[in-house]
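Single-letter residue listing:
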Amino acid sequence: MRFMMLVRANGETEAGAPPTTEMVEAMDRYNDELIKAGVLLAAEGLHPSSKGALVSYSGGGATVTDGPFAEAKELVAGYWLIQVSSRDEALQWATRIPFEDGAVEVRQVFEAADFPPGVVPPEIAAKEQAFRDGQSGG
């Protein structure tokens, strides 16, 4: 099972404030634990929304709105993508993130097997799995 651990933005991340050296070192130790456990697939921080854009769709068309966006608490500042055996294991990893303040949302990533039979044709499921295998070096 794959899970995303989404780091919620706050005023500091939206201002583009860099983390402290201590936080960078703590995050490096945490990431090393994820790597040693063999569960880390990806982890990245994101630039503030002022450097981003929102693409909205309506009536078959797309509209681009440049950032920043109003509610920092509803934005994502970074993420980890992990592969674990259960939701409980994902939550155990999330509770070990070395944050003093903030929030992390834990969400399971859809797999083809999560959909009813026939929704995802076998050739598309195989193509997506081959892509994931190629990305992870598997």
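Residues numbered from 1 in each chain as written. Predicted model: local features only at pLDDT ≥ 70, side-chain atom pairs only at ≥ 80, totals over all residues. Heavy atoms only, no water.

K.L.:
Which residues make up the environment of Leu-41, and what are the values?
P.N.:
Within the secondary structure, Leu-41 is located in strand E2 (residues 40-45). With residues up to four places along the chain from it excluded, the contact list for Leu-41 reads Arg-2, Leu-81, Ile-82 and Gln-83. (Helix = DSSP H or I, 4+ residues; strand = E, 2+ residues; numbered from the N terminus. Contact = heavy atoms within 4.5 Å.)

K.L.:
Describe the nonpolar core, and please don't skip the residues or the numbers.
P.N.:
In this structure, Met-5, Tyr-30, Leu-34, Trp-80, Ile-82, Val-84 and Trp-93 are the most contacted members of the largest nonpolar core, which totals 17 residues. Elements that contribute at least two residues to this core include exactly strand E1 (2-8), helix H2 (21-36), strand E5 (76-83) and helix H3 (87-94). Every residue in contact with Trp-93, bar those within four places of it in the chain, is listed here: Met-5, Tyr-30, Glu-33, Leu-34, Ala-37, Val-39, Ile-82 and Val-84. (Core = buried A, V, L, I, M, F, W, Y, C linked by side-chain atoms within 4.5 Å. Buried < 20%, exposed > 50% of the residue type's maximum accessible area, 1.4 Å probe, protein only.)

K.L.:
I'd like a rundown of the pattern of salt bridges, residues and numbers included.
P.N.:
Considering all chains together, one arrives at five salt bridges under this definition. In this structure, the salt-bridge partner of Glu-33 is Arg-96, at a minimum N-O distance of 2.2 Å. Taken together, the residues Glu-33 in helix H2 and Arg-96 in the loop between H3 and strand E6 (104-108) connect sequence positions 63 residues apart. Residue class for Glu-33 comes out partly exposed when judged on its relative accessible area of 33%. The residue Glu-111 makes a salt bridge to Arg-132 at a minimum N-O spacing of 3.5 Å. Residue Glu-111 is located in the loop between E6 and helix H4 (122-135), and its partner Arg-132 is located in helix H4; the two are separated by 21 residues in the primary sequence. Overall, Arg-132 belongs to the partly exposed group, its relative accessible area being 22%. (Salt bridge = Lys/Arg side-chain N within 4 Å of Asp/Glu carboxyl O.)

K.L.:
Give a description of the sheet that holds E5 that names residues and reports values.
P.N.:
Read from one edge of the open sheet, four strands run E2-E5-E1-E6, paired in antiparallel fashion. Only two strands of the sheet have a single partner each, and these edge strands are E2 and E6. Across the sheet, the mean angle from the axis of one strand to that of its neighbour is 15 degrees, orientation sign disregarded. Examined bridge by bridge, E2 and E5 share five bridges and lie antiparallel to one another. Note on E5: the bridge partner recorded for Glu-44 is Tyr-79. (Pairing = 2+ DSSP bridges. Axes fitted to C-alpha atoms, helices over the stretch in contact; angles between N-to-C directions.)

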